[in-house]
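Letter by letter, the chains look like this.
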Amino acid sequence: MLIIYTKEKNAILFTYPPVVASWGAYLLSRNILTVSFAPRDTHEAQVQFALERGVPTLIGVLASIRLPYPSRAFDMAHCSRCLIPWGKNDGLYLIEVDRILRPGGYWIFSGPPINWESRWKGWDRTPKDLEAEQNEIESVGRSLCWKKLVQKDDIAIWQKPTNATHCKLNRKVFKKPQLCQSPNPDKAWYSKLEKCLTPLP
């Protein structure tokens, strides 16, 4: 189990999918609030199970509408075998994760394609396919100015920059995504996902 502690007393984490929200329940006992997000109705019983135990959980899909949270709402986002095509659509889904992460926040990714060199046979995919997927994710992370802190076994951790200064040099190399021009990055309900980067303070 991996736990990220932040400088704040009560970190707020976003985890996808909830995996019966067991990680959320574990962290809640340590005064860390999580929100688990299940991708489809087959997780309905897990969501109910978590809610009955006081762990915030919901069913939703990351597709074309923003996640129902304001910008900079979470200290960390965690994806465990969530099967989201993070590197596709010009990184649209990682751009949305970037929007909800606070400056200095973490994105933790576990499962395919991380550690594809050792695990590709069990995933019924070719090494070439898995390597290409990981390269896409790495490229999107760099375009968002994220710093890859570590990759160990099946887990990789990136960190969002704390301010715009850290991103200046990177923005000269990566022209996309552009900075968002929309006046309200906190507007989430019924707002379309945007292929633009929410400006840092």
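Structure: see above.
Nothing here was measured: the structure is a model prediction, and the numbers come from that model.

Novice: How do you make sense of the overall build of the chain when you look at a structure like this?
Specialist: The helix and strand tally for the chain stands at six helices and nine strands. Classification of the 201 residues of the chain by burial places 48% in the buried group. In the chain, the share of contacts with a sequence separation of at least 24, taken over all contacts with a separation of at least 6, comes to 64%. A total of about 10800 Å² of accessible surface is found on the chain, and carbon and sulfur atoms cover 56% of it.

Novice: Explain the packing of aromatic side chains to me, please; I cannot follow it from the model alone.
Specialist: How two aromatic rings sit relative to each other is given by the distance of their centres and the angle of their planes. This structure, assessed with the given rule, holds six aromatic pairs. Between tryptophan 107 and tryptophan 158 the ring centres are 5.1 Å apart and the planes differ by 35°, which places this aromatic pair in the tilted class. With tryptophan 107 in strand β5 (residues 101-110) and tryptophan 158 in strand β7 (residues 155-159), this pair connects stretches of sequence that are 51 residues apart. Owing to a relative accessible area of 2%, tryptophan 107 belongs among the buried residues under this scheme. Taking the relative accessible area as the measure of exposure, tryptophan 158 reaches 3% and is therefore buried. For the pair tryptophan 189 and tyrosine 190, a centre-to-centre distance of 6.3 Å together with 50° between the ring planes defines the contact as tilted.

Novice: What is the right way to read the state of the cysteines from this model?
Specialist: Note on terminology: disulfide describes a covalent bond linking the sulfur atoms of two cysteines. Tallying each qualifying case throughout the model produces one disulfide. Covalent S-S linkage joins cysteine 180 and cysteine 196, the inter-sulfur distance amounting to 2.0 Å. The chirality of the disulfide connecting cysteine 180 with cysteine 196 is right-handed, given an S-S dihedral of about 95°. With cysteine 180 in the loop between β8 (178-179) and β9 (196-197) and cysteine 196 in strand β9, this pair connects stretches of sequence that are 16 residues apart.

Novice: Whenever I open this one, the environment of lysine 176 confuses me. Can you help?
Specialist: Residue position: lysine 176 is located in the loop between α6 (168-173) and β8. In sequence terms lysine 176 and valine 140 are 36 residues apart; their C-alpha atoms lie 9.2 Å from each other.

Rules of the game
Residues numbered from 1 in each chain as written. Predicted model: local features only at pLDDT ≥ 70, side-chain atom pairs only at ≥ 80, totals over all residues. Heavy atoms only, no water. Helix = DSSP H or I, 4+ residues; strand = E, 2+ residues; numbered from the N terminus. Buried < 20%, exposed > 50% of the residue type's maximum accessible area, 1.4 Å probe, protein only. Contact = heavy atoms within 4.5 Å. Areas by Shrake-Rupley, 256 points an atom, 1.4 Å probe, with all protein chains shown as cover. Phe/Tyr/Trp six-rings, centres within 6.5 Å; stacked < 30°, edge-to-face > 60°. Disulfide = S-S within 2.5 Å.

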